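Here's the letter readout for the chains.
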Amino acid sequence: IEIGADGFIYTAEQDSGEVTRIDPDTKEGTVIASGLMNPNGLTFSPNYDILYVGSFGGGIIYRMMMNWDGTAQPWEEWVTTSQMPPGATGQFDGMGVDICGNVYICDYGIIHIYRISPDGQDIVDLINLSGESYWIPNMQWGSGLGGWKLNNLYVIDMSQDQMYEIPVEATSKDIPYP
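These figures come from a predicted structure and were not determined experimentally.

Looking only at helices and strands, the protein chain features 0 helices and 15 strands. Over its C-alpha trace the protein chain gives a radius of gyration of 15 Å, about what one expects of a compact globule, namely 16 Å for 178 residues. Principal-axis analysis of the C-alpha atoms gives the protein chain an extent of 45 × 40 × 30 Å. Looking at the protein chain residue by residue over its 178 residues, the buried ones come to 47%.

Before going further, it helps to spend a moment on unusual backbone geometry. With a phi angle near 70°, lysine 27 is a residue other than glycine that sits in the positive phi range. Secondary-structure assignment places lysine 27 in the loop between strand E3 (18-22) and strand E4 (29-33). Lysine 27 gets classed as exposed once you look at its relative accessible area, which sits at 63%. Phi at tyrosine 48 is positive, roughly 60°, even though this residue is not glycine. Summarising the element assignment, tyrosine 48 is placed in the loop between strand E5 (39-44) and strand E6 (50-55). On the basis of relative accessibility, which here comes to 11%, the residue tyrosine 48 falls in the buried class.

Let's shift gears to the sheet that holds strand E10 (residues 103-107). Sheet strands pair by backbone hydrogen bonding; their relative direction is either parallel or antiparallel. If you trace the 4 strands from one edge of the open sheet to the other, you get E9-E10-E11-E12, paired in antiparallel fashion. The open sheet has two free edges, formed respectively by strand E9 (92-97) and strand E12 (123-128), since each of these has just one partner strand. On average, each strand axis in the sheet is tilted by 25° relative to the strand beside it, whichever way the strands run. Where E10 meets strand E11 (residues 112-116), 5 bridges bridge the pair, whose relative direction is antiparallel. Counted as the bridge partner of cysteine 106 is isoleucine 113 from E11.

The subject of this paragraph is the sheet that holds strand E8 (residues 76-80). Spatially, E5-E6-E7-E8 is the arrangement adopted by the 4 strands of the open sheet, whose pairing is antiparallel. With one partner strand each, in any of the chains shown, E5 and E8 form the two edges of the open sheet. Recorded for the sheet is a direction-independent mean angle of 30° between the axes of neighbouring strands. Judged from the 4 bridges that link them, E5 and E6 form a sheet pairing that is antiparallel. Bridge pairing in E6 places threonine 43 opposite tyrosine 52.

Let us look at the pattern of salt bridges. Tallied over the full model, the rule gives 3 salt bridges. For the salt bridge of lysine 173 with glutamate 2, the shortest nitrogen-to-oxygen distance reads 2.8 Å. On the criterion of sequence distance, the pair formed by lysine 173 in the segment after strand E15 (162-167) and glutamate 2 in strand E1 (residues 2-3) is long-range, its members being 171 residues apart. For lysine 173, a relative accessible area of 7% puts it in the buried group. Exposure remark for glutamate 2: the relative accessible area of 12% places this residue in the buried category.

Burial within E5 is extensive, with 5 of its 6 residues counted as buried. Linking two consecutive strands that pair antiparallel, namely E5 and E6, is a turn of 5 residues; a positive phi of about 60° is found at tyrosine 48 within it.

Another aspect to go through is the environment of aspartate 161. Structurally, the position occupied by aspartate 161 is in the loop between strand E14 (152-157) and E15. With 28 residues separating them along the chain, aspartate 161 and serine 133 place their C-alpha atoms 9.7 Å apart.

This part is about the packing of aromatic side chains. Tallying each qualifying case throughout the model produces 7 aromatic pairs. Measuring from ring centre to ring centre gives 5.0 Å for tyrosine 10 and phenylalanine 44, while their planes differ by 85°; the resulting arrangement is edge-to-face. One end of the pair, tyrosine 10, is in strand E2 (residues 9-13); the other, phenylalanine 44, is in strand E5, with 34 residues separating them in the sequence. Taking relative accessible area as the criterion, phenylalanine 44 reaches 1% and is therefore assigned buried. Aromatic side chains tryptophan 148 and tyrosine 154 sit 4.7 Å apart centroid to centroid with 75° between the ring planes, which places their arrangement in the edge-to-face category. In this structure an aromatic cluster arises from ring pairing among Tyr10, Phe44 and Tyr48. Positioned above the aromatic ring of phenylalanine 8, the side-chain terminus of arginine 21 is 3.7 Å from the ring centre.

Each value, and the rule that gives it
Residues numbered from 1 in each chain as written. Predicted model: local features only at pLDDT ≥ 70, side-chain atom pairs only at ≥ 80, totals over all residues. Heavy atoms only, no water. Helix = DSSP H or I, 4+ residues; strand = E, 2+ residues; numbered from the N terminus. Rg over C-alpha atoms; globule rule 2.2 N^0.38 Å. Buried < 20%, exposed > 50% of the residue type's maximum accessible area, 1.4 Å probe, protein only. Pairing = 2+ DSSP bridges. Axes fitted to C-alpha atoms, helices over the stretch in contact; angles between N-to-C directions. Salt bridge = Lys/Arg side-chain N within 4 Å of Asp/Glu carboxyl O. Phe/Tyr/Trp six-rings, centres within 6.5 Å; stacked < 30°, edge-to-face > 60°. Lys NZ or Arg CZ within 6 Å of the ring centre and 35° of its normal.

See the structure below:
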């Protein structure tokens, strides 16, 4: 799930192929995108005007331009496995965006994390954790509190019950909610 600048909750529903926007007060949901292949991880751009959605097993990262009222323009295929470094499986799981607009995504199939430039043209195989893990479902930036470094990405390893600390030289996008 992801929280938008509007305070609504956004969820990717893998089995239904939909992204839903949920009002936290009324609990009512509105489908803002459908017809996606196995949508899984999702994250907003730093300005919260773009929603990125990863496809688990579909080899696609979708991009949706967001309107001021929380509705989305039609989704587009932004990056596909064919554009990724050799070996990418397209089993995209957790996602995040840094303050510069770079998109980070876990590839469950080979246990790599990729960094994708905001224009989708520069894709870096940031780290290979395949020798140490077999399931890295998500990530989060440090808060700067209690030893959690602001410029580090923390990746949970569900197979080994541990966490990896990855220096990325950028902080998370600003979060407009408490």
